[in-house]
Amino acid sequence: SAEGERERRDNRRIDRVASTAIATAQNRRAVRGREVAGDERGNSRRVRAQRKLLGIMSGFDENSLLFNDGDLQSQHLFQAYESIVGQPQQYGTIQQQHAQLQQQQALLVQQQQQQQQQQQQQQAAAAAGAGGPLLAPPMPAAQAADACRQFRVVRYEEQLFLSHALVVATYTVWKVVVEEELGMQAENVFVALQSDYEPFNEPHTVTIPVNHCNSMAEFETLSKARRIINDIPTWKAYRLAPEVDHQRGLQVRMYMIVLSKPQKWGSQMMPVTIYFRGAYGNPNISWEQKSSPAILLTNSASKWYEKAFMTLGLVKLGYNPKQICKPDTEVKWEDFLTIANQHVQGVTGCKRLLSDNVSYLAPLHIDSLMRMVQFDKGKVTVKRIRYFCIESQDGGTVPALKQIESTIQRYPESWETGRLVGVIGSSVISQYLMGHEHPVGTLVLRMQFHSPSEVCVSSVQPDPRNPERTFVDHLTISQHVAPNDRKLFEYIASSPIHKVMLPMQQVCDAPGVTPSLGPSKTYRTTNHELQRTNHLLMQAFKEGFQPMSPGPPAPSHNLDPVVAQWLQEVFMRDSPAVLEEVMDKFAAARVTAHTLELLEPDDLREMEIPLAPRKLLAKALSARPTAMDTN
């Protein structure tokens, strides 16, 4: 009959829609992953299939059945079921089914939230570089509050090259001072090295057991012990006895992490970030510290230190490290001055920067720097920065920045006070002094443009043939005649060859300074500075003045006193020039008392030490007792 055919058609329609809804739910469940296990997985699949079936047949979307009003939702479910099946149902039965659906939905939402929290914790730990074994296993929600307990790092120290760049060579020490609860001590330190570039695009992780040291002297002894040379980096961690604060119920303890790096293990001049995490007996308590961007060198020569310094400086300013390797990459003038200022400050220790506007003549000094690096349209190429800071352009000429720093180290007081104006050419200063009509006796102490390692006194002098006319005299003063600030000003003030009283405002802040002593009657041209310097030295010898010999290097080498004393003992029978040359090489390689015992003959060859001194050093190093032998 028509009624029976209609009933069979409705049944086929219900079966077809139900099978389609169940298949769709199963596919979607497979795509989203296994959210629940066992019975919960089966229940959620059946619940969602039934809900989708009712929603489709009643003309509602699946999400439209999720109302906050339970009565309204129950009514819709009741109406949908009655319209499909064609048989009346008790409202209470549908309401019970709706309550079960709500419970299942709440359970699913809670489980999804817990999974999202665990994923966020894992992603945060991975972003901190603590991937792999560095991560603790996922913790239940009940322990989430306890997991946030991290001890505070009150001080962090790392070995920075020139006080600004973390350059890791063969031996590096990090110090972390942590404020802990009484009786707590870290048992392990997790270390992770991570970078966006090869070879550390996949994090290098390691777990280090922490050894206890009673004093810093014991740590120095243990850390200086000679390690077995291999191709694997050796990590060690130490902790000192804590300083207890009973009033606050806390203690402060220092942790030291030591890396003995094989020479071939490096970052290819690409920046690397190092993460440290101290782990305690309770896995939910830790301390964490992130290092500044670092470069792992595969060659300990001084020029690679300088290149790493420049690379890290530009990376911190936002430049791409891969672009920095290209010589035609352009750098903003302000960024170049930042790198140069950091380099000068790290080498000399002076507070005055290379670009500070300390006098009326500072713009002339900046203009000289622009000409040195071929400044063009507000930018400087990386190639010119290297020639200025690191490399020799003409094959033998010392870079201009190193010459400037050597002059500042000889005359730090003159540089800090502004008496030493900076780098200014002779023609520029002559135009300034004559153009402003400065009186006789006005002088400017400057560095020469073509040789910044030499200082020159440019002063206004009268023409002996015509006293009414004046000219600018340029007197180059040798570093042997004036090795420091005191000798420099004593010579300028008392020299019979060039007797000029230092004005009160030697940097020419305002034109028109009058000297208190009479001008010199000596006339010299401005084109033969070398001849005038030789004439000055000859006259000084005739008067009985003996210039200072170079002698042993001064502490300005920044060389470890222990290393300097050892080198003096090794080269006791050699000339001072040989000792000075070797000390320069050791200072450039940043050799300390810790790394002295790690030196090998190949290291001495890479330091470019000549053959004969290298043989003496190799023999002395082999005969030197190590810390392990002493123990």
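That block above? That's the structure.
What this report covers is the structure whose coordinates are included nearby. (Residues numbered from 1 in each chain as written. Predicted model: local features only at pLDDT ≥ 70, side-chain atom pairs only at ≥ 80, totals over all residues. Heavy atoms only, no water.)

Right, let's get into the packing of helix α9 (residues 333–348) against helix α12 (residues 400–410). In the contact formed by α9 and α12, the axes pass within 10 Å of each other and the chain directions differ by 40°. Comparing their axes, α12 and α9 come out oblique. The handedness of the crossing between α9 and α12 comes out as right-handed. Residues H343, V344, V347 and T348 of α9 lie in contact with α12, whose contacting residues are L401, E405, I408 and Q409. Here the contact of α9 with α12 is composed, by residue class, of 4 nonpolar, 3 polar and 1 charged. (Axes fitted to C-alpha atoms, helices over the stretch in contact; angles between N-to-C directions. Helix = DSSP H or I, 4+ residues; strand = E, 2+ residues; numbered from the N terminus. Parallel < 35°, antiparallel > 145°, perpendicular 65-115°, else oblique. Left-handed = near helix turned anticlockwise from the far one by under 90°. Contact = heavy atoms within 4.5 Å. Nonpolar A, V, L, I, M, F, W, Y, C, P; charged D, E, K, R; others polar.)

Below, the discussion takes up the nonpolar core. Side chains that are nonpolar tend, in soluble globular proteins, to be buried together. With 59 residues, the main nonpolar core has F388, I477 and L488 as its most contacted residues. If we ignore the near neighbours within four places in the chain, the residues touching I477 are E454, V455, V457, A482, L488, Y491 and I492. (Core = buried A, V, L, I, M, F, W, Y, C linked by side-chain atoms within 4.5 Å. Buried < 20%, exposed > 50% of the residue type's maximum accessible area, 1.4 Å probe, protein only.)

What follows is about the packing of aromatic side chains. The full count for this structure, using the stated rule, is 11 aromatic pairs. Seen from their ring centres, F161 and F309 are 6.0 Å apart, and the 80° between their planes marks the pair as edge-to-face. Remark: F309 occurs in helix α7 (residues 302–316) and F161 occurs in the loop between β1 (152–158) and β2 (166–168); sequence separation between them is 148 residues. In terms of burial, F161 and F309 fall into one category: buried. (Phe/Tyr/Trp six-rings, centres within 6.5 Å; stacked < 30°, edge-to-face > 60°.)

Turning our attention to the environment of F151. Residue placement: F151 occurs in the loop between α5 (144–147) and β1. Discounting chain neighbours no more than four positions away, the residues touching F151 are V178, E179, E180, E181, M184, Y280, I285, S286 and W287.

With that out of the way, let us pick up the pairing of strand β4 (residues 188–194). Counting buried positions along β4 yields 5 of 7 residues, so the element is predominantly enclosed. Bridging between β4 and strand β5 (residues 204–213) involves 6 bridges; their strand directions are antiparallel. Its bridge partner being in β5, N188 is matched across the sheet by P209. Taken together, the 7 bridges between β4 and strand β9 (residues 273–279) define a ladder with antiparallel strand orientation. Across the sheet, the residue bridging to A192 is Y275, located in β9. (Pairing = 2+ DSSP bridges.)

Without other data, these values stay purely geometric and don't point to any function.
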